[in-house]
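Chains, contacts and geometry: an overview
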Amino acid sequence: MSMTITEKILAQHAGLDEVVPGQLITAKLDLVLANDITAPVAIKEFAKFGTEKVFDRHKIALVPDHFAPNKDIASAEQCKFMRDFAREQQIEHYFEVGRMGIEHCLLPEQGLTLPGDLIIGADSHTCTYGAVGAFATGVGSTDLAAGLATGEAWFRVPESMKFIFHGTKFQKWVGGKDLILYLIGKLGVDGARYRAMEFAGEGIAALSMDNRFTICNMAIEAGAKNGIIPPDDKTFAYLEGRARRSYPLLYSDLDAGYMAIQEFDVSEIPLQVAFPHSPENAKSAQEASGIKIDQVVIGSCTNGRLEDLRMAANILRGKKVHPEIRLLVFPGTQTILRDAMREGIIDTLIEAGAAVSTPTCGPCLGGHMGILAKGERAVSTTNRNFVGRMGSVESEVYLAGPAVAAASAIKGQIAHPEEVS
Amino acid sequence: MGIAFKFGHDIDTDVIIPARYLNASTPEHLAAHCMEDAGTSFAQKVKAGDIMVGGKNFGCGSSREHAPISIKACGIKVVIAESFARIFYRNSLNIGLPIMECPEAASEISEGDEVTVDISTGTIENKTTNKQYQARSFPPFMQELIRAGGLIPYIEGRKKNA
Ligand code: SF4
C-alpha cells in the first residue's frame, strides 16, 4: 500500500507493515525531550509509575532553556529538580547552562534528531525536527512521563496535507519565515489541525537547512501534529559529522494519499509580518511599514540560527539601532554564538547597538530578559504573538523574519529592508 | 449542574495559564491564575462543578500541561468546545480532565447558563434554555483512557492485566 513519509515512519515504529490515517497505534520512541518548565511536571508523573529507571538514558534529552539561566528562585528550583533527576538517572543528553542552547536549535545541531526518527517532546515546537525528515511532535508532560518510563507513546495516524512550493526565484530577503507565515495566513491557526504538513517542491529544495527548520518549527502554528521535509543532499550534508547512528531513508510514495495538496509559487511571496494577536494575521511587510515600535527581538528556536543572525548583521552593518529602540539578540546555541563571533556578526550587531544574550528562550514566551510594558510594541522573529506572550496583556508583538526585524530596529518603526538600504 | 463560563475561538494556552506563572507547577498555584489574561476574573468566580465553554481550536499554542491542570484544579467539571487543539485534547484525556466536542452546544450555550452533562453518554443539557445536545463520541481507546482516569492509571492497569 502506498504511504506518505509520515505514515511510513509511524508504521515502522509501531512494528506494522502499513498504517492508515485515523488508526490508533502505540509506537517506539527514538528520542524524548523536555525542558525546565515541562520536565518537572513529567518527572512527578514519572514517579507514579512502578519503574525506577527511565527506559533508556541515551534516548532522553533534558534542556534548561526557558527560564534559564535561572530567572528567579522558583525557576532555580525547577531547574534544580530537573538537574537532580538527570544526575540520578544518568541522562546522557542533559545540557547544562554554558553548554546548552534553545532545545530546537540544539538537538539537531548535536545530531540527536535524524531522518526517520520518531520523537516526542514536551514542547509544542518539537515539530521543528521534521526539517531533517523525522516525525517529531509536541506532547504534554503526562505523555512525556509515559515516554520516559516505557519508551512508547500512543498516536492517532494523521491525515497528510502536502504543500508544494514551486520555483526558486525568491524575492530579495525572503526566507523560510516568510513562506511559513504566508502559508499560515492562508490556512489559519487551525487549518492543519491534527494533520501532518509535508513540504515539497523546488522552492523547499532550494532552501538551506536553517530556513527549513524555521518552516517546520511553525507547523504547530497551523495546528498541525508535525511538519516534515523529505531528506535530500542538503540534509545529508548537514548530518555529516553530526549523526552518530545510521538512519533509514523514507520517502512518500508517488501515489500516497493526501487529504489536500496546495501549490504556491515562491516568486509571488513577499516579506511577511504577522499582526497581533495571531500568527494567521500575516500581511506583506509593506502593509506593516510605519508602525511605531519599542523593541526588536531577533532569535528563538524559529530564527536564532547562524543564517538568521548573518542576515540581520548584513542589514545592520555600518548602521545604528534607532535611539528609541531596544534590539535584543538571542542566538540559538553556544555553537551558533561562537560561529557568529568568529564571523564578526556579533561585533557588527553590538557595534550597531544591539544587546546580545547567552542562548535562552528569554522574552519569546514572556519569561525574562526583555518583557514588554503596557502599551509597548515589538517586532520579533519568534513564532507566537498571542495576547500577553511577551509581557503585558496590553503589549503587542508583530512576527517577522530577521530582515524585517533588523530593518525595523534601524528605522524605529516596522520597515521593509529596502527602506534602510 | 454547573454554571457556564464562555470563551471565544482559538483560546490559546498563554491565555489559559500565562507563561509568567510557569515557574511553579502546583495545581493550586496554576488554578489561581487560570484564564487570568482573558480579563474576566474567572478564577475568582468559578466554583467546583462549573463548566467551561469555548469556540473552535480551544487550547491552541504550547504543549504546557499546566493549562488543563489549571482548569481542572479550578473545579471545572468539563470543557465543551466546537473543537480542540491537538496537544490540549491529548493532555486533557491524559490527566483525566473531561472534554466534549459539540459545535452546537458550544455556540448556543451563553455565559451564566445552567448546564448539566453526562460524561459517559455525551449528553449535554442547557437547563436555562431547555435544550439538549449530543457530543461527539470518543474512539474506543480514548473511552478506555477516560474510564481509567488518565494515561498513567491506564498503562498501570494494562501492565497488571498483562
Ligand atoms: S524559543 Fe520560544 S518557542 Fe522556542 S522553545 Fe523557547 S519559548 Fe518555545
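Before reading on, note that the structure itself is shown above.
Residues numbered from 1 in each chain as written. Chains lettered and ligands numbered in written order. Predicted model: local features only at pLDDT ≥ 70, side-chain atom pairs only at ≥ 80, totals over all residues. Heavy atoms only, no water.

A separate point is the overall build of chain B. Along the backbone of chain B there are eight helices and seven strands. The C-alpha radius of gyration of chain B comes to 15 Å, within 12% of the 15 Å expected for a compact globule of 162 residues. For chain B, the spread of C-alpha atoms along the principal axes amounts to about 45 × 40 × 25 Å. Within chain B, the proportion of its 162 residues that are buried is 57%. Long-range contacts, defined as pairs at least 24 residues apart, comprise 62% of the intrachain contacts of chain B with a sequence gap of at least 6. Carbon and sulfur atoms make up 52% of the accessible area of chain B, which totals about 6,300 Å². (Helix = DSSP H or I, 4+ residues; strand = E, 2+ residues; numbered from the N terminus. Rg over C-alpha atoms; globule rule 2.2 N^0.38 Å. Buried < 20%, exposed > 50% of the residue type's maximum accessible area, 1.4 Å probe, protein only. Contact = heavy atoms within 4.5 Å. Areas by Shrake-Rupley, 256 points an atom, 1.4 Å probe, with all protein chains shown as cover.)

Before going further, it helps to examine the side chain of Glu7 of chain A. By the element assignment, Glu7 of chain A lies in helix H1 (residues 5–14). With residues up to four places along the chain from it excluded, the contact list for Glu7 of chain A reads Ser2, Val19, Pro21, Val157, Pro158, Ser160 and Gly257 of chain A.

General note: in soluble globular proteins, nonpolar side chains tend to be found buried as a group. Ranked by internal contacts, the top residues of the largest apolar core, which has 102 residues, are Phe165, Met197 and Phe199 of chain A. Apart from residues lying up to four places away in sequence, Met197 of chain A is in contact with Met161, Phe163, Leu183, Leu187, Ala192, Ala219, Ala222, Ala224, Asn226, Gly227 and Ile228 of chain A. By size, the runner-up hydrophobic cluster in this structure holds 87 residues, among which are Ala42 and Tyr194 of chain A together with Phe7 and Leu97 of chain B. (Core = buried A, V, L, I, M, F, W, Y, C linked by side-chain atoms within 4.5 Å.)

On to the packing of aromatic side chains. How two aromatic rings sit relative to each other is set out by the distance from centre to centre and by the angle between their planes. Using the criterion set out here, one finds 17 aromatic pairs over all chains in the structure. Pairing Phe236 of chain A with Tyr247 of chain A gives two aromatic rings, centres 6.5 Å apart and planes at 20°, and the pair type is stacked. In this pair, Phe236 of chain A is assigned in helix H9 (residues 233–239) and Tyr247 of chain A in the loop between H9 and strand E11 (260–265), connecting sequence segments 11 residues apart. What makes Phe236 of chain A partly exposed here is its relative accessible area of 24%. Taking 6.2 Å as the distance between ring centres and 50° as the angle between the ring planes, the aromatic pair formed by Tyr89 of chain B and Phe138 of chain B counts as tilted. Taken as a pair, Tyr89 of chain B in helix H5 (residues 86–95) and Phe138 of chain B in the loop between strand E7 (131–134) and helix H7 (140–148) lie far apart in primary sequence, 49 residues in all. A residue is classified by how much of its surface remains accessible, and Phe138 of chain B, at 18% relative accessible area, is buried. A cation over a ring is seen here: Lys44 of chain A above Phe81 of chain A, with NZ or CZ 5.7 Å from the ring centre. (Phe/Tyr/Trp six-rings, centres within 6.5 Å; stacked < 30°, edge-to-face > 60°. Lys NZ or Arg CZ within 6 Å of the ring centre and 35° of its normal.)

Residue and element names in this part refer to chain A. The geometry of helix H12 (residues 306–316) relative to helix H14 (residues 345–352) is characterised by a closest axis approach of 9 Å and an angle of 45° between their N-to-C directions. Judged on the interaxial angle alone, H14 and H12 are oblique. With respect to the hand of their crossing, H12 and H14 are arranged in left-handed fashion. Together, Leu306, Leu309, Arg310, Ala312, Ala313 and Leu316 of H12 and Ile345, Thr348, Leu349 and Ala352 of H14 make up the contact between the two elements. Counted by class, the contact of H12 with H14 contains eight nonpolar, one polar and one charged residues. (Axes fitted to C-alpha atoms, helices over the stretch in contact; angles between N-to-C directions. Parallel < 35°, antiparallel > 145°, perpendicular 65-115°, else oblique. Left-handed = near helix turned anticlockwise from the far one by under 90°. Nonpolar A, V, L, I, M, F, W, Y, C, P; charged D, E, K, R; others polar.)

Residues and elements named next belong to chain B. For Ser70, the position within the fold is in helix H4 (residues 66–73). Residue Ser70 is classed as buried on the basis of its relative accessible area of 0%. Expressed as a C-alpha distance, the spacing of Ser70 and Gly150, which sit 80 residues apart in the sequence, is 16 Å.

Before going further, it helps to examine the pairing of strand E1 (residues 2–6) of chain B. Residue and element names in this part refer to chain B. Bridging between E1 and strand E5 (residues 114–118) involves two bridges; their strand directions are antiparallel. Within the sheet, the bridge partner assigned to Gly2 lies in E5 and is Val115. Here E1 runs beside strand E2 (residues 51–54); their pairing, made up of three bridges, is parallel. Across the sheet, residue Phe5 finds its bridge partner in E2, namely Met52. (Pairing = 2+ DSSP bridges.)

Glancing now at the interface of chain A and chain B. Chain A puts 44 residues into the contact, and the matching count from chain B is 39 residues. Taking both partners together, chain A and chain B bury about 3,500 Å²; carbon and sulfur atoms supply 57% of that area. Inspection of the chain A/chain B interface yields three salt bridges. The residue Asp190 of chain A makes a salt bridge to Lys56 of chain B at a minimum N-O spacing of 4.0 Å. Our enumeration of links across chain A and chain B arrives at 19 residue pairs in polar contact (both at pLDDT 80 or more). Secondary structure elements with two or more residues in the side of chain A that touches chain B: helix H2 (38–46), helix H3 (73–88), strand E6 (135–138), helix H5 (141–150) and strand E7 (152–156) of chain A. For the side of chain A that touches chain B, the element with the highest residue contribution is H5 of chain A, accounting for five residues. For the side of chain A that touches chain B, a count of residues per class yields 20 nonpolar, 13 polar and 11 charged. (Buried area = accessible area lost by both parts, 1.4 Å probe. Salt bridge = Lys/Arg side-chain N within 4 Å of Asp/Glu carboxyl O. Polar contact = N/O pair within 3.5 Å; in protein donor to acceptor, adjacent residues only side chain to side chain.)

Coordinates in, geometry out; function isn't part of it.
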